[in-house]
Amino acid sequence: MPELPEVETIRCDLYPRVCGRTITAVRITPDKVPLIDGASPAAFARRLKGRRIEGLSRRGKYLILHLSGDLHLIVHLRMTGSLLHRDAAAPAERYLRAVLSLDDGTELRFADLRKLGRLRLVADPEEIVGRLGPEPLEAAFTAAALKRAIGKRRAPIKAVLLDQRALAGLGNIYADEALFAARIHPQRPADNLSEAENRRLHRSIRRVLRDALENRGASFRDYVDGGGREGRHQFHVKVFRRTGRACYVCGATIERIRLSGRGTHFCPRCQPQEGN
Ligand SMILES: [Zn+2]
């Protein structure tokens, strides 16, 4: 569920609180479902302890903690993961899976109801994030870059927007919202968009993500920011989870279809199948 705006909000919250701190202890909650990729919990804890957090960046939906000694902790929140900064004395979260104690008496806590989130320690983050497509909010992401990323794919545009190797950071909420803003039907083949539609989609993706960032992300279910607070963008969506309600633009009824296994919301009048 957390997509680019949610993960970036968490990054901005945590950055001033954890950068420069040293990890003094690591606790992993024992569980049948693995949390750590590529190492045992004990080895993971041993490698983390004593390292200083030197930076915190984001790539797509991944958070990357840059640690002293050229090691990087990659956090993938997936469906319901959250990364919280708390005082050590604060009550434990439900579904707590890992706690990193910091040298100022605070903790970085990873909680996850569905247990799909993963942590991984790597020497080179490119191992994990190197396969991702372009970052849609970077200056280098032009309309031409969007066309290069998606324009040769025959799959429905919605499915291509969800593919992190094509474009990084979009998930179900912002793919639906961007296609509505661009007036493009989600089932249109990606390689079939006109120049004008490609330009509209490029503008819409960036605007939708920036608006969501300003609203500190969308909390439809479990998402909370780095301090445990909900975002506000769920009150500003135009089609996502508005099935059966009136389109704000034209008054037609918002519809929902399944597309690549995901619920997909759109306005049949603003986003006609034959294009506009
Ligand atoms: Zn409409």
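An account of the accompanying structure is given in this report. Predicted model only: the values in this text are computed from it and were never measured. (Residues numbered from 1 in each chain as written. Predicted model: local features only at pLDDT ≥ 70, side-chain atom pairs only at ≥ 80, totals over all residues. Heavy atoms only, no water.)

## Some remarks on the packing of aromatic side chains
Here's step 1: In the structure shown here, the tally under the stated rule is 1 aromatic pair.
Here's step 2: Considering the side-chain rings of Phe 220 and Phe 240, the 5.0 Å spacing of their centres and the 70 degrees angle between planes classify their relative orientation as edge-to-face. Pair noted here: Phe 220 is in the loop between α7 (195-214) and β9 (255-259) and Phe 240 is in the loop between α7 and β9, with a separation of 20 residues, a long-range link.
Here's step 3: If you follow Arg 242 out to its NZ or CZ, it ends over the ring of Tyr 248, 3.9 Å from the centre. (Phe/Tyr/Trp six-rings, centres within 6.5 Å; stacked < 30°, edge-to-face > 60°. Helix = DSSP H or I, 4+ residues; strand = E, 2+ residues; numbered from the N terminus. Lys NZ or Arg CZ within 6 Å of the ring centre and 35° of its normal.)

## A look at the sheet that holds strand β6 (residues 96-102)
Here's step 1: Reading across the sheet, the 4 strands line up as β1-β6-β7-β5 and stay open at both edges, with antiparallel pairing between neighbours. In the strand order of this sheet, the two ends are held by β1 (23-28) and β5 (81-87), each with one partner. The sheet shows a mean angle of 15 degrees between the axes of neighbouring strands, taken without regard to direction.
Here's step 2: Sheet topology note: the β6/strand β7 (residues 106-112) ladder contains 5 bridges and is antiparallel. Residue Ala 98 lies in a different strand from β7, and its bridge partner there is Phe 110.
Here's step 3: Helix α1 (residues 4-18) rests against β5, β6 and β7 of the sheet, and its axis sits at about 30 degrees to β5.
Here's step 4: Most of the contacts of helix α2 (residues 41-48) go to β1, to which it runs at about 170 degrees, and overall it touches β1 and β6. (Pairing = 2+ DSSP bridges. Axes fitted to C-alpha atoms, helices over the stretch in contact; angles between N-to-C directions. Contact = heavy atoms within 4.5 Å.)

## Quick notes on the sheet that holds strand β8 (residues 118-122)
Here's step 1: With antiparallel pairing, 4 strands are arranged side by side in an open sheet as β2-β3-β4-β8. For this open sheet the edge positions go to β2 (53-59) and β8, each flanked by a neighbour on one side alone. Adjacent strand axes in the sheet meet at a mean angle of 20 degrees when their direction is disregarded.
Here's step 2: Looking at chain direction, strand β3 (residues 62-67) and strand β4 (residues 71-76) are connected through 6 bridges and run antiparallel. Across the sheet, residue Tyr 62 finds its bridge partner in β4, namely His 76.

## Overview of the pattern of salt bridges
Here's step 1: Per the counting criterion, the structure on display carries 22 salt bridges.
Here's step 2: Residue Asp 176 pairs with Lys 158 through a salt bridge whose shortest N-O separation is 2.7 Å. Pair noted here: Asp 176 is in helix α6 (residues 172-181) and Lys 158 is in helix α5 (residues 157-162), with a separation of 18 residues, a long-range link. Both residues of the pair, Asp 176 and Lys 158, count as buried.
Here's step 3: Connected via shared salt-bridge partners are Glu 8, Arg 11, Arg 58, Arg 59 and Glu 135. (Salt bridge = Lys/Arg side-chain N within 4 Å of Asp/Glu carboxyl O. Buried < 20%, exposed > 50% of the residue type's maximum accessible area, 1.4 Å probe, protein only.)

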